[in-house]
Amino acid sequence: MSAFASDPGLDGIRDAAGHGTEVDVAVHLHDGTIRLSIFWTQEILLNADDADQVARALQRAAEQARRITATRGPDRSTSSWDRSVKHLPGPDKAPKSH
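Since this is a predicted model, take the numbers as computed values, not measurements.

In terms of regular secondary structure, the chain is built from 2 helices and 3 strands. Along the chain, helices and strands appear, N-terminal first, in the series β-β-β-α-α. Across the 98 residues in the chain, those meeting the buried criterion constitute 22%. For the chain, long-range pairs separated by at least 24 residues make up 49% of all intrachain contacts whose partners lie at least 6 apart in sequence. Summing over all exposed atoms, the chain offers an accessible surface of approximately 7,300 Å²; the carbon and sulfur share of this is 54%.

See below:
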């Protein structure tokens, strides 16, 4: 059994070019990471309605991931990229350009 839970709302999404390419958004149920998969190729062409569905699936996955990681405490990110971003200055602390 996979630790990833796929979004069932994307079952009918196929690429607009008719090549049979599929997309999947899944949340890892243990660590809250989100997997975006594009099957059978490296890219997918989506019509506007399908792109909206993929965007909504990613938003649902982000909400679920936040619930999973909320119980883990601060600074327990699953990727080094996330940890490094936390140390970047915010817009109010960035150097002013003249």
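Next up on the list: the packing of aromatic side chains. What the rule picks out here adds up to 1 aromatic pair. Judged by centre distance (6.0 Å) and plane angle (45°), the rings of Phe-39 and Trp-40 are tilted. Exposure remark for Phe-39: the relative accessible area of 32% places this residue in the partly exposed category. In this structure, Arg-35 is placed above the aromatic ring of Phe-4, and the distance from its NZ or CZ to the ring centre is 4.3 Å.

Further remarks concern the sheet that holds strand β3 (residues 34-39). Taken together, the 3 strands give an open sheet; going across it, the order is β1-β2-β3, and neighbouring strands pair in antiparallel fashion. Each edge of the open sheet carries a strand with a single partner, namely β1 (4-6) and β3. Across the sheet, the mean angle from the axis of one strand to that of its neighbour is 30°, orientation sign disregarded. The pairing of strand β2 (residues 22-28) with β3 spans 6 bridges and is classified as antiparallel. When the sheet's bridge partners are listed, Val-23 is paired in β3 with Ile-38. Sitting on the sheet, helix α1 (residues 48-70) touches β2 and β3, and the angle it makes with β2 is about 10°.

Procedures and definitions
- Residues numbered from 1 in each chain as written.
- Predicted model: local features only at pLDDT ≥ 70, side-chain atom pairs only at ≥ 80, totals over all residues.
- Heavy atoms only, no water.
- Helix = DSSP H or I, 4+ residues; strand = E, 2+ residues; numbered from the N terminus.
- Buried < 20%, exposed > 50% of the residue type's maximum accessible area, 1.4 Å probe, protein only.
- Contact = heavy atoms within 4.5 Å.
- Areas by Shrake-Rupley, 256 points an atom, 1.4 Å probe, with all protein chains shown as cover.
- Phe/Tyr/Trp six-rings, centres within 6.5 Å; stacked < 30°, edge-to-face > 60°.
- Lys NZ or Arg CZ within 6 Å of the ring centre and 35° of its normal.
- Pairing = 2+ DSSP bridges.
- Axes fitted to C-alpha atoms, helices over the stretch in contact; angles between N-to-C directions.

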